[in-house]
Amino acid sequence: MTDIDLPPFWDPESDDVLVCRAVRRQTHDVATFVLTAAQPRRFRYRPGQFMTFTVTIDGVEIHRCYTLSSSPSRPDSLAITVKRVPGGPVSNWLHDHLRPGMEIAALGPTGDFTLDLSHDAAPEKYLFLSAGSGITPVMSMARHLVDTRFDADAVFLHSARSPEDLIFARELAWMAEQAPSLRVRSICERDTPQNRWPGAMGRLDAALLAREVPDLRERRLFVCGPDGYRASARALAEQAGLDMARFHEESFDFGTLATQDPEIPAKIEALDAARHKVSFTRSRREIECGTDTPVLAAARAAGMRLPASCAKGMCGTCKCRLVSGTVEMKHDGGIRQREIDQGMILICCARPTSDLVIER
Ligand code: FES
């Protein structure tokens, strides 16, 4: 097949609908959704990146980010691997409703939690640390390494609550068989009467790390999991003497986006010579916002609760229609140019340059 016969690449500027092709159960509460474009497309992204999905539940449009568990080395489809979250509307909706043949709106891929795969980059040794459904971006990285960098030295330590909660266990074992330079270890907090766990038990700690990864300081670390897990991995890496420039963690926890507010700069009042009026049409609120302050930050400071996830212009969660006024906006992939042309803005990274009216 020549290049001419291959489908074009997915272009987030013009493509925005994915079609579910398969749902694969991973554990009792985790499933993988395999997605392709509506028209034949290939996908170009870096392992570890995420996409923002939009679903409408009870008439309300909700945006959520999920990291891709698939590898760009298999470019004809994408996959997200999602855990049911108690009270998590989108995760549960995906489990209960998304079936083969159905469409879902998606934006991206984007994100900077990713391997440097430039061809002139020196070969590196990796350590992937994940807990729970935090396994998805590092699984994408491991799959990619096994597919493309055949002798990349990587250690993959995954922590789960119990053997029944191990995601991708069989595939990881198979990958390690195919690629002897990949070492996989799973750690279970406890076992269950049905499933005795023969491997390491408990939590990731210094003794286990020293035993499994004696050369930790020579490795580049990628860590993904809940906040507490990442904090403890960071402390352990520091304690082991790692140059922390080699430590990478998922900067926000996709699992808790629904309930947590992103970090908003605190010192708003110190800034801003000029201030503008910002009116929100649906909530009928009016606030003041300085020219150096993102609209979201000013709204939060005024006590408004508005949907937002990354607060960095990446995820698209805070997208709103700008009814009137002008803003200065430096985003990071969370909005398409055509959406900007249609009057949409990301309020987490839009600073007013006049009075604003925003539909929200
Ligand atoms: S909160 Fe992510 S783009 Fe604004």
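Please read these numbers as outputs of a predicted model, since none were measured by experiment.

Visitor: Whenever I open this one, the packing of aromatic side chains confuses me. Can you help?
Guide: Note on aromatic pairs: each is described by the distance of the centres and the angle between the planes. One pass over the full model with this rule turns up seven aromatic pairs. Pairing Phe53 with Tyr66 gives two aromatic rings, centres 6.2 Å apart and planes at 55 degrees, and the pair type is tilted. With Phe53 in strand S3 (residues 50-57) and Tyr66 in strand S4 (residues 60-67), this pair connects stretches of sequence that are 13 residues apart. In this structure, Phe53 and Tyr66 share a single accessibility class: buried. Between Tyr126 and Phe222, the ring centres sit 6.3 Å apart and the planes meet at 45 degrees, which makes this aromatic pair tilted. Of this pair, Tyr126 sits in strand S7 (residues 125-131) while Phe222 is found in strand S11 (residues 219-224), placing the two residues 96 residues apart along the sequence. Linked through ring pairs, Phe113, Tyr126, Phe128, Phe156 and Phe222 together constitute an aromatic cluster. Across from the ring centre of Phe9, 3.8 Å away, lies the NZ or CZ of Arg44, which sits over that ring. For the cation-ring pair, Arg143 lies above Phe168, with the distance from its terminal atom to the ring centre recorded as 4.9 Å.

Visitor: Help me understand the sheet that holds strand S13 (residues 275-280), please; the structure alone is not making it clear to me.
Guide: An order of S14-S13-S19-S15-S17 is seen for the five strands of this open sheet, with the pairing classed as mixed. Taken across any chain shown, the strands that pair with only one partner, and hence form the sheet edges, are strand S14 (285-290) and strand S17 (344-346). The mean inter-strand angle of the sheet, taken between neighbouring strand axes irrespective of direction, is 40 degrees. Direction of pairing for strand S15 (residues 319-324) relative to S17: antiparallel, over a ladder of three bridges. Bridged to Cys320 within S17 is Ile345.

Visitor: I tried to follow the UniProt feature "domain: FAD-binding FR-type" (unreviewed entry) in the protein on my own but got confused; where do I start?
Guide: Residues given the UniProt feature "domain: FAD-binding FR-type" (unreviewed entry) here are residues 12-116. Along residues 12-116 the backbone is 9% helical and 47% strand, and the end-to-end C-alpha distance reaches 22 Å.

Visitor: What's the story with the side chain of Arg143 in this structure? I'm lost.
Guide: Relative to the helices and strands, Arg143 resides in helix H2 (residues 135-148). The class for Arg143 is buried, based on a relative accessible area of 10%. At 2.6 Å, the side chain of Arg143 forms a polar contact with the side chain of Glu171. Apart from residues no more than four positions distant in its own chain, Arg143 is found in contact with Ser69, Ser70, Ser71, Ser73, Arg74, Phe168, Glu171 and Met175.

Procedures and definitions
- Residues numbered from 1 in each chain as written.
- Predicted model: local features only at pLDDT ≥ 70, side-chain atom pairs only at ≥ 80, totals over all residues.
- Heavy atoms only, no water.
- Phe/Tyr/Trp six-rings, centres within 6.5 Å; stacked < 30°, edge-to-face > 60°.
- Helix = DSSP H or I, 4+ residues; strand = E, 2+ residues; numbered from the N terminus.
- Buried < 20%, exposed > 50% of the residue type's maximum accessible area, 1.4 Å probe, protein only.
- Lys NZ or Arg CZ within 6 Å of the ring centre and 35° of its normal.
- Pairing = 2+ DSSP bridges.
- Axes fitted to C-alpha atoms, helices over the stretch in contact; angles between N-to-C directions.
- UniProt positions renumbered as here; feature names shortened; annotations may be inferred.
- Polar contact = N/O pair within 3.5 Å; in protein donor to acceptor, adjacent residues only side chain to side chain.
- Contact = heavy atoms within 4.5 Å.

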